[in-house]
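Examining the three-dimensional arrangement
Single-letter residue listing:
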Number of protein chains: 2
Amino acid sequence: MERVKPRTLSGFMELPPARQQQMERMMEILRESYSLYGFTPLDTPIIESAEVLLAKGGGETEKQIYRFLKGDTDLALRFDLTVPLAKYVAANYSNLAFPFKRYQIGKVYRGERSQRGRFREFYQADIDVIGDGSLDIVNEAEIPSIIYRTFTRFGLTNFVIRVNNRKILNGFYDMLGLLARSGEIMRTVDKLDKIGAEKVGLLLHDELDLGQDNVGDIMEFISIKGSNAQVLAALEEYRGRSELFDTGLDELTTVAKYLAAFGVPEDHFQIDLTIARGLDYYTGTVYETTLTDYPEIGSVCSGGRYDDLAGYYTDKKLPGVGISIGLTRLFYVLGEQGLLNDAMVTAPADVLVIPMTQDLTYPIAAATTLRAHGVRTQLYTEPKKVKQKFAYADKLGVPYAVIIGDDEVAAGAVSVKNLQTGEQRSMPPAQAAQTIAAAIAEKKQIPVIRERL
Amino acid sequence: MERVKPRTLSGFMELPPARQQQMERMMEILRESYSLYGFTPLDTPIIESAEVLLAKGGGETEKQIYRFLKGDTDLALRFDLTVPLAKYVAANYSNLAFPFKRYQIGKVYRGERSQRGRFREFYQADIDVIGDGSLDIVNEAEIPSIIYRTFTRFGLTNFVIRVNNRKILNGFYDMLGLLARSGEIMRTVDKLDKIGAEKVGLLLHDELDLGQDNVGDIMEFISIKGSNAQVLAALEEYRGRSELFDTGLDELTTVAKYLAAFGVPEDHFQIDLTIARGLDYYTGTVYETTLTDYPEIGSVCSGGRYDDLAGYYTDKKLPGVGISIGLTRLFYVLGEQGLLNDAMVTAPADVLVIPMTQDLTYPIAAATTLRAHGVRTQLYTEPKKVKQKFAYADKLGVPYAVIIGDDEVAAGAVSVKNLQTGEQRSMPPAQAAQTIAAAIAEKKQIPVIRERL
């Protein structure tokens, strides 16, 4: 038979089983966290009509899109989860209750130039709250709490949710008479982390042709630092000069005020006047999340408030706030940095049942008992040597073996072996199931991410 | 602004939020059931190289495939989960431990002619156990137990797992000297349910040109019915005339023998000599699962034993056994038959927190307490009339409201309202969280499928 070499396309992540277990654990945490905040799961097609998907048109993304004909139909693969959400909300507007809160964890496609750590197929994990005409600021205040819970459950402690408000920025540039130029100024200020304050000042002066006064005011503004209370106090000094600014400051004050009630520790939240998010459609609060020890990774969870979700589909005004986690990239980076925790159980089963008897009725019944207690159980019946059976458990990282020979059957017992310590004890099947279930419940607390000390 | 009509392509399922919750519940049960039996989750790309995906070549499927160029690369969307599994196992052979047990729940694509109930994008939910060179029969005996647990958890009681063994069929035709023609005979016999025994007999005689003796023998054989013990006893009468038959009978006897130990009640399992599964590559046990009250739906979970998973990728002999659930079609049919249970909680949240206070610190803290107890909690802060807030909860089907006014804040309490009974009680937030968590845990037992009486 002529054979084809089995290979996976570059830019497409396909994980080994143990890694996939870690990825699944992260997805489980995401579903659980998002659900706790009242977001409903949504699942939209990966293929859409190209006309619908590209209704917004233009942009860098369009070149990267997977687009093709099937028969006469012009199709495209979704490149994010926001456009499908806009389509869904516009199409189902009259049946939905607003605010409409949805989460979606799904694959999206972008034909990027192939390079290490860049993916053409990748998961995004998004939440959005969509209002009908208006949307209360408390929705924006709640977002940091969702990020905090999610990342904490992943096992991270050293991360900071950085928050700003576009109305404060635009209001400030409004004060300087520079509102029309705020976009290009923000893009320059956004380089602060990379090139430093001095060069940003030079660029503003030389390239954007701003006067020395304006540059000074901007540099002073973006250098406002300190605790959240200190930053808010400094911003109060600007109050009364721009209505837009004042609204933004009220919003940011509200977001900061309710943090503690939402369970977010002050040290995980930082007002940062230098972040703006690139996308033009953000109009209020914006978020970035950075891993303190790995600033080079950039933001791992970003988003913000926008005023018009679906203007290219409907005349309804649909403001919203949302965040997105680039899950595939985050997972890749965590792996590269050695932060994925191999101490968690990544085996396909919690216990391997190894029968040493001719008749398998008793061992199978024991496996059934284990499963009835929620213990993930694999029955190993291949005719191999005992040593090979344990080597199999070892290769998979299965934490427990249940060994059943004629002695055990006669005693109505099973031998439970802890494969990490080597300790072995005989007990009735139901007790074995309870013992292992309890031990596994503890192991489930082991986080998927382990920060290095 | 010029607007595009937001629409979803025909043949692509996109569910309303409440229905999606039911779909998610089914997926959760599938993940849980498959995991309990030691299957590890796998996630492969939706896009593969066309050369790799079509390595097996030919067949009806090829015409339906979504295939396109991106740059110079010839790509295709997966049309099942078996070919990607074959690719994965062949490519990762040396790193995997065998038996390799994987589950995969994922979307596949077939450009079928568009018609009601036919989908171009649909979920399959597969499990397979792959051996390296050989695979013990107990793996085949375990499969009915996985099907039984999964469907029972869905809420179904009236279903039957029908089992046969291709070696018995081929062995029987071997006895008649018809082994070379067993394929066409099985395809004819497969029509039994639709056209009846008499017409099958006529077809075997007229179209397949079999002699009257052979037709009589075949009709007698496939008319063997009764309890599993009775069918096995009847089959014993044929023993000794074909080695293949005897092996098949031994296998089927083993599968039936361990049923009870695997926890499968006898009345959910039926040896049925008329089923064969169309695909040529099944070589041993074959499975179909039918809903007793809805025979017209056909099999909702099918599969079997095969000897060669990945011959077009590797010279390793990789026998396996697997089953597949066509999840999207099953879900669609359940909906059409009115079997999806709207009594389960399909709301995005278990409780809607409705603050009546100016300052939101206390209500937000109460929401945080609810979430800490695992209660899915939505905070409703839109400036609407009280009546509209309850109408929102009602539209979503949220079962509880937690109402917080100044009186509650003063008392350090919250008012918990059961929105189904109207009953309302005041209690401290932590007690409210425990009360609602307990009630919700009970509601989680409500199955996603409800059979009609």
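Keep in mind the model is a prediction, meaning the values are calculated, not measured. (Residues numbered from 1 in each chain as written. Chains lettered and ligands numbered in written order. Predicted model: local features only at pLDDT ≥ 70, side-chain atom pairs only at ≥ 80, totals over all residues. Heavy atoms only, no water.)

Turning our eyes to something else, we now look at the side chain of A:K101. Here A:K101 is to be found in strand β5 (residues 100–109). Classification of A:K101 as buried rests on a relative accessible area of 3%. A polar contact is formed between the side chain of A:K101 and the backbone oxygen of A:Y37, at a distance of 2.7 Å. For A:K101, the side chain forms a polar contact with the side chain of A:E142, separated by 3.4 Å. The contact partners of A:K101, leaving out residues within four places of it in the chain, are A:Y37, A:G38, A:F39, A:T40, A:D128, A:V129, A:E142 and B:Q378. (Helix = DSSP H or I, 4+ residues; strand = E, 2+ residues; numbered from the N terminus. Buried < 20%, exposed > 50% of the residue type's maximum accessible area, 1.4 Å probe, protein only. Polar contact = N/O pair within 3.5 Å; in protein donor to acceptor, adjacent residues only side chain to side chain. Contact = heavy atoms within 4.5 Å.)

So, about the sheet that holds strand β15 (residues 414–418) of chain B. All names here are of chain B. In space, the five strands of this open sheet follow the order β13-β12-β14-β15-β16, with mixed pairing throughout. Looking at which strands have only one partner, the edges of the open sheet turn out to be β13 (377–379) and β16 (424–427). Across the sheet, the axes of successive neighbouring strands diverge by a mean angle of 25 degrees, strand direction being ignored. Sheet analysis places β15 next to β16, joined by four bridges and oriented antiparallel. Following the sheet pairing, S415 is matched in β16 by S426. Its contacts with the sheet place helix α15 (residues 386–396) against β12 (351–355), β13, β14 (400–404) and β15, and it is angled at close to 175 degrees to β12. (Pairing = 2+ DSSP bridges. Axes fitted to C-alpha atoms, helices over the stretch in contact; angles between N-to-C directions.)

The next subject is the packing of helix α7 (residues 182–189) of chain A against helix α9 (residues 197–206) of chain A. Residue and element names in this part refer to chain A. Look at α7 against α9: their axes get within 9 Å of each other, and the N-to-C directions meet at 155 degrees. With respect to each other, α7 and α9 are oriented roughly antiparallel. The hand of the α7/α9 crossing is right-handed. Mapping the contact onto sequence places I185, T188 and V189 in α7 and V200, L203 and L204 in α9. Tallied by class, the residues present in the contact of α7 with α9 amount to five nonpolar, one polar and no charged. (Parallel < 35°, antiparallel > 145°, perpendicular 65-115°, else oblique. Left-handed = near helix turned anticlockwise from the far one by under 90°. Nonpolar A, V, L, I, M, F, W, Y, C, P; charged D, E, K, R; others polar.)

It is worth spelling out helix α5 (residues 138–154) of chain A at this point. Residues and elements named next belong to chain A. Here α5 is 17 residues long and its end C-alpha atoms lie 25 Å apart, about the 24 Å a rise of 1.5 Å per residue gives. Counting buried positions along α5 gives 15 out of 17 residues, so the element sits mostly inside the fold. Of the residues trailing α5, G155 is marked for its positive phi of about 110 degrees. (Expected span 1.5 Å × (residues − 1).)

All right, on to the packing of helix α1 (residues 17–36) of chain B against helix α13 (residues 327–336) of chain B then. Residues and elements named next belong to chain B. Where α1 contacts α13, the axes come no closer than 11 Å and their chain directions differ by 130 degrees. Relative to α13, the element α1 is oriented oblique. With respect to the hand of their crossing, α1 and α13 are arranged in right-handed fashion. Contacts from R19, Q22, M23, M26, M27 and L30 of α1 reach α13 at L327, T328, L330, F331 and L334. Among the residues forming the contact of α1 with α13, the class breakdown is eight nonpolar, two polar and one charged.

Another point: helix α7 (residues 182–189) of chain B. Residue and element names in this part refer to chain B. By the burial criterion, the buried members of α7 are S182, I185, M186, T188 and V189. Along the axis of α7, the buried residues cluster in a sector spanning 160 degrees; they form a single face. Looking at the buried residues of α7, the elements they touch are α6 (166–175), α8 (192–195), α9 (197–206) and α10 (212–222). (Arc of directions from axis to C-beta.)

The final tally for this structure, using the stated rule, is 49 salt bridges over all chains. Between B:E140 and B:R305 there is a salt bridge, with the nearest N and O atoms lying 3.2 Å from each other. With B:E140 in helix α5 (residues 138–154) and B:R305 in strand β10 (residues 302–306), this pair connects stretches of sequence that are 165 residues apart. Each member of the pair, B:E140 together with B:R305, is buried. Each member of the salt-bridge network shares a partner with another, and the members are A:R162, A:D193, A:D272, A:R277 and A:E288. (Salt bridge = Lys/Arg side-chain N within 4 Å of Asp/Glu carboxyl O.)

Moving on, we come to the interface of chain A and chain B. Accessible area lost when the parts come together is the quantity often used to give the size of an interface. Listed by partner, the interface residues are 103 residues for chain A and 103 residues for chain B. Counting the surface lost from both chain A and chain B, the interface buries some 8,300 Å², and carbon and sulfur atoms represent 58% of this. It is A:L36, A:D43 and A:R371 that lose the most area in chain A upon contact with chain B, and together they represent 8% of the buried surface on that side. Where chain A touches chain B, the interface holds 10 salt bridges. Put simply, A:R7 and B:E51 hold a salt bridge, and the shortest N to O gap is 3.1 Å. Across the chain A-chain B interface, the total number found is 52 residue pairs in polar contact (both at pLDDT 80 or more). Broken down by element, the residue count for the side of chain A that touches chain B peaks at seven residues, all from helix α1 (residues 17–36) of chain A. (Buried area = accessible area lost by both parts, 1.4 Å probe.)

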